[in-house]
Amino acid sequence: MGKLGKKARKFAKKNLPAVLKQRRKNKIVFKKRPSKDGKTDVVEKEVAKTELSNGRDADNEATMISSLDALFADDDNVRIQDDSDSDGYLSEDPSSENLVGNDNDVNLEDDMDVHTLSSRNQKIYEELAEQKKLLDKLKKKDPKFLKFLESYSKGENQEMYSDEDEDETNEDLMLIDDSTTKNHKVLTSSAINVLSKMVTEDHNESALISLLNAYRAACHLGPEETGPKIQDSETFCNIYTIMLSEADNIFRVLLKLPSPKCKKEALLELKNTPRWKKTKPMIKTYLRSTLFLLKQVTDSEILAFSINRLRASIVFFAAFPSLLTRLIQIIVPLWATGGGTLTATSALLIQDVVSVCGSDYFDTCFIKSYKAYIARCRTMETVDPKHIEFLRDSFISLCSLDVETTYNKAIVSIQQLANILRHAKQKGNKEAIKKIYSWQYAQCIDLWVLFIAGNVNECDVQSLLYMTIQLINGVAHMFSGPRYFPLRIRCIQWLNKLSSSCGIFIPVASLVLDMLEYKVSKEGGKSRKKSVNLASNLKLPKFWLKSQNFVEQCVYSAVELLVVHFFQWSYQISFPELATVPLIRLRKFHEKTTVESLKRVVKRLMDQVEQNVEFVLKKREDVAFSPKDHESVDLFLQVLIRSYHYYIVFV
């Protein structure tokens, strides 16, 4: 067919619907004629290429690209700063009025809205900027005034614009500046012991202030430290041990708190008392110094001991929200990256923050712990699996403190996982597919499965349960090849866990039996000695698929999963129907396989299942109720379940 003529092509470009549709699709910018009334309209207008459906795909694309640990945004209301020399030392002058404080230092920091404080400071800074401009103009106009300003004391101006934290301006009345701490005596171990005895036995406040100053100097030890000098390492250890061991008891005696396990409300009742005015700066100095110590020390034993002692003083953090936020930011990384006692102690401290200081801090602890856990799972190959399991279990314990809030966050997380799976199925995006068989994705599902299983009776988790089951089934069916058998095994284990904990039937036999139909390649004789560990992988290398050991591992795993599934429903009245199809497929596998060890294992499983089928059928013949009587059906063989913990001994 020859080319169209000039007139025909011109006609086609103007009138054919396909051409017009293509032109509208490709054209991004089009011009708009001015209106007839002479008003000037916008000449050019940007038009989106995609339709509504494409827009939804774009949202899924954005969800897919974002990492799993970026799902929940941090909402830190308090700006965290490092402790520095600007913290100052407590005045050791017993006659100083700074030991008492003033009326502005009575209220707890909990009574101050941080957002209001930030906006107030912003207004102050704007006013100061305007005043500075006026002052600069006045300097240029009046040289005498400039000389007067230069002769004015610079120390007061420096105190006015110090680098103190924004939420600590009302508490510095008890602190002294660095000019009074230049000449300090050297602290010895004997002197620390004397001060400790004076504090613990005589409750001497001047000795306590000296101990707190020594403790701060030890925590901030460095070449630029201007505080008291410490003689040797023995003195260091003595200061650390005394303060961390005795500080909490000392402060409770001074405040006359009712019990060691008092709540936040008991501390709030003391906010208008003189005892709180006098003790508050001492407590704050101790807490800030200890937090600075946690950031500097690398020894796990010292960190664990310090964190354990802070647990005893966690109620005091309720009076200082900024220090509590700083504590959470320090403890969560230690919980995620530490090990042994350090991780366990950090986990308990995080739970104490929520239990003692209130549910207001649950979101902060949840978000930071969730991000730290997911980020830690990114490097599962280099991390001890037991450590990951402990992090998961301790995080679930934290979630159990506020099940309703966690339920809402779990729905958001499961929806993100479902969006990634949907995007991978619809678009075949390689990046989304890699995310699904990543350790982060798998551990996130594992996390919510265990949360549902552990809190199924606490609240209504049915919607979350069904969402999770659909997600797991989608992952299992999407990766059906032999290379993804480890991921499929995990999916079946999750379904069995949900089925046993929630008491609902989830058909997993077909997913398990598909693993028995895989045959090893004839070329696999050379690689039979290759070891296969399905539990430590999500995707297997191709050369492992040619190993006879791999086939054996698949069969053993399938038998184990079927045992768990059959055992859950072995006393149900419908067990014979449940086991019919699996028995047929197991017989086929038993007839085809030539490996004697595999045939023996499968034959043992079939015999046990058939025995249980006969047992249930005999019991069903004696019943007198109808299948419509659901209550009687649910109570079928319940007496035997209570009498005998096991009826069948599986392989």
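Residues numbered from 1 in each chain as written. Predicted model: local features only at pLDDT ≥ 70, side-chain atom pairs only at ≥ 80, totals over all residues. Heavy atoms only, no water.

The name an unreviewed UniProt entry assigns to the chain is Nucleolar complex protein 2, from the organism Artemisia annua. If you open the UniProt record of the chain and go to Sequence similarities (unreviewed entry), you find "Belongs to the NOC2 family." (UniProt positions renumbered as here; feature names shortened; annotations may be inferred.)

**Q** What's the story with the overall build of the chain in this structure? I'm lost.
**A** The secondary structure content of the chain amounts to 27 helices and 6 strands. When each of the 651 residues of the chain is scored for burial, the buried share is 43%. Contacts spanning at least 24 positions in sequence make up 74% of the contacts within the chain whose residues lie at least 6 apart. Accessible surface, the chain as shown: approximately 36,500 Å² in total, 52% of it carbon and sulfur. (Helix = DSSP H or I, 4+ residues; strand = E, 2+ residues; numbered from the N terminus. Buried < 20%, exposed > 50% of the residue type's maximum accessible area, 1.4 Å probe, protein only. Contact = heavy atoms within 4.5 Å. Areas by Shrake-Rupley, 256 points an atom, 1.4 Å probe, with all protein chains shown as cover.)

**Q** Before we go on, may I ask you to explain the environment of E205 in this structure?
**A** By the element assignment, E205 lies in helix α8 (residues 205–219). Residue E205 is classed as partly exposed on the basis of its relative accessible area of 29%. Spatially, the C-alpha atom of E205 lies 9.7 Å from that of K278, the residues being 73 residues apart in sequence.

**Q** Explain the packing of aromatic side chains to me, please; I cannot follow it from the model alone.
**A** Each aromatic ring pair is summarised here by two numbers: the centre-to-centre distance and the angle between the ring planes. Under the definition given, this model contains 18 aromatic pairs. Between Y437 and Y484, the aromatic rings sit 5.5 Å apart at their centres with planes inclined by 55°, giving tilted as the arrangement. Note that Y437 is positioned in the loop between α18 (430–436) and α19 (439–454) and Y484 in the loop between α20 (462–478) and α21 (485–502), a separation of 47 residues in sequence. With respect to class, Y437 is no different from Y484; both count as buried. Chaining the aromatic ring pairs together yields one cluster made of Y215, F236, Y240, F251, Y286 and F316. (Phe/Tyr/Trp six-rings, centres within 6.5 Å; stacked < 30°, edge-to-face > 60°.)

**Q** Can you walk me through the pattern of salt bridges in this structure?
**A** Two side chains with opposite charge may pair up if their charged atoms get near one another. Scanning the entire structure with this criterion turns up 10 salt bridges. A salt bridge links E205 to K278; the shortest N-O distance between them is 3.9 Å. Highlighted residues: E205 in helix α8 and K278 in helix α11 (residues 274–296), separated in sequence by 73 residues. Given the relative accessible area of 30%, K278 is considered partly exposed. The closest approach of N and O atoms between R252 and D248, which form a salt bridge, is 2.9 Å. One end of the pair, R252, and the other, D248, are both in helix α9 (residues 233–255), 4 residues apart, so they sit about a helical turn from each other. Taken individually, R252 and D248 each receive the classification buried, so the pair is uniform in this respect. Here the residues in one salt-bridge network are R392, D393 and D446, joined through shared partners. (Salt bridge = Lys/Arg side-chain N within 4 Å of Asp/Glu carboxyl O.)

**Q** Just checking my understanding: could you explain the layout of surface pockets for this structure?
**A** Over the atoms rolls a probe the size of a water molecule, and in doing so it shows where empty space is left. If you add up the space inside the second largest pocket, you get close to 630 Å³. Around the second largest pocket sit 25 residues that line it, and E389, R490, Q493, A535 and S536 are the ones nearest its centre. Among the secondary structure elements, those contributing two or more residues to the lining of the second largest pocket are α16 (385–399), α19, α21 and α23 (548–568). With 6 residues, α21 is the single largest residue contributor to the lining of the second largest pocket. (1 Å grid on protein atoms, 1.4 Å probe; cavity = no way out; pocket = protein on both sides within 12 Å on 5 of 7 lines; lining within 4 Å. Points joined across faces, edges and corners; volume = space filled by probe spheres on them.)

**Q** Sorry if this is basic, but what is going on with helix α17 (residues 403–427) here?
**A** In a regular helix each residue adds 1.5 Å, so 25 residues correspond to 36 Å; α17 covers 36 Å between its end C-alpha atoms and thus fits that length. G428, located one to two residues past α17, shows a positive phi value of around 65°. (Expected span 1.5 Å × (residues − 1).)

**Q** I tried to follow the nonpolar core on my own but got confused; where do I start?
**A** Nonpolar side chains tend toward joint burial in soluble globular proteins. Counting 166 residues, the largest nonpolar core has L327, W335 and Y441 as its most contacted members. Ranked by the residues each element gives to this core, the list is headed by α19, at 11 residues. (Core = buried A, V, L, I, M, F, W, Y, C linked by side-chain atoms within 4.5 Å.)

**Q** Whenever I open this one, the environment of V559 confuses me. Can you help?
**A** Tracing the sequence through the fold places V559 in helix α23. Remark: the alpha-carbon pair of V559 and R604, spanning 45 residues in sequence, is separated by 10.0 Å. Sequence-distant contacts of V559, defined by excluding residues within four places in its chain, comprise V601, V602 and L605.

**Q** Can you walk me through the packing of α9 against α11 in this structure?
**A** A pair of packed helices is captured by two measures, namely the crossing angle of their axes and the spacing between those axes. Taken N-terminus to C-terminus, the directions of α9 and α11 make an angle of 155°; their axes are 11 Å apart at the nearest point. Our classification of the angle between α9 and α11 gives roughly antiparallel. Crossing angle aside, the handedness with which α9 passes α11 is left-handed. Counted together, Y240, M243, L244, A247, F251, L254 and L255 of α9 and R275, W276, T279, M282, I283, Y286, T290 and L293 of α11 form the full contact between these two elements. Partitioned by chemical class, the residues of the contact of α9 with α11 number 12 nonpolar, 2 polar and 1 charged. (Axes fitted to C-alpha atoms, helices over the stretch in contact; angles between N-to-C directions. Parallel < 35°, antiparallel > 145°, perpendicular 65-115°, else oblique. Left-handed = near helix turned anticlockwise from the far one by under 90°. Nonpolar A, V, L, I, M, F, W, Y, C, P; charged D, E, K, R; others polar.)

**Q** Looking at this structure, how should I read the side chain of K409?
**A** For K409, the location among the structural elements is in helix α17. Once residues within four sequence positions are removed from consideration, K409 is found in contact with F72, D363 and F366.

**Q** Sorry if this is basic, but what is going on with the side chain of D352 here?
**A** Mapped onto the secondary structure, D352 falls in helix α14 (residues 341–357). The buried category is assigned to D352, whose relative accessible area is 17%. Sequence-distant contacts of D352, that is, excluding residues within four places in its chain, are made with R311, I314 and C357.

**Q** How do you make sense of a positive patch on the surface when you look at a structure like this?
**A** Together, K133, K137, K140 and K141 line one region of the surface with positive charge. With respect to the helices and strands, K140 occurs in helix α4 (residues 114–141). The class for K140 is exposed, based on a relative accessible area of 73%. (Patch = residues over 30% accessible without salt bridge, like charges linked within 9 Å, V, L, I, M, F, W, Y side chains within 5 Å. Lys, Arg positive; Asp, Glu negative; His and termini not counted. Charge placed at Lys NZ, Arg CZ, Asp CG, Glu CD.)

**Q** I would appreciate a short explanation of the packing of α11 against helix α13 (residues 321–337) in the present structure.
**A** Closest axis-to-axis distance for the α11/α13 pair is 10 Å, and the angle between their directions is 20°. Taken as axis vectors, α11 and α13 run roughly parallel relative to one another. Relative to α13, α11 is oriented so that their crossing is left-handed. Counting all contacts with α11, which are made through K284, L287, R288, L291, L294 and K295, the residues of α13 involved are L323, R326, L327, I330 and I331. Residues belonging to the contact of α11 with α13 are distributed by class as follows: 7 nonpolar, no polar and 4 charged.

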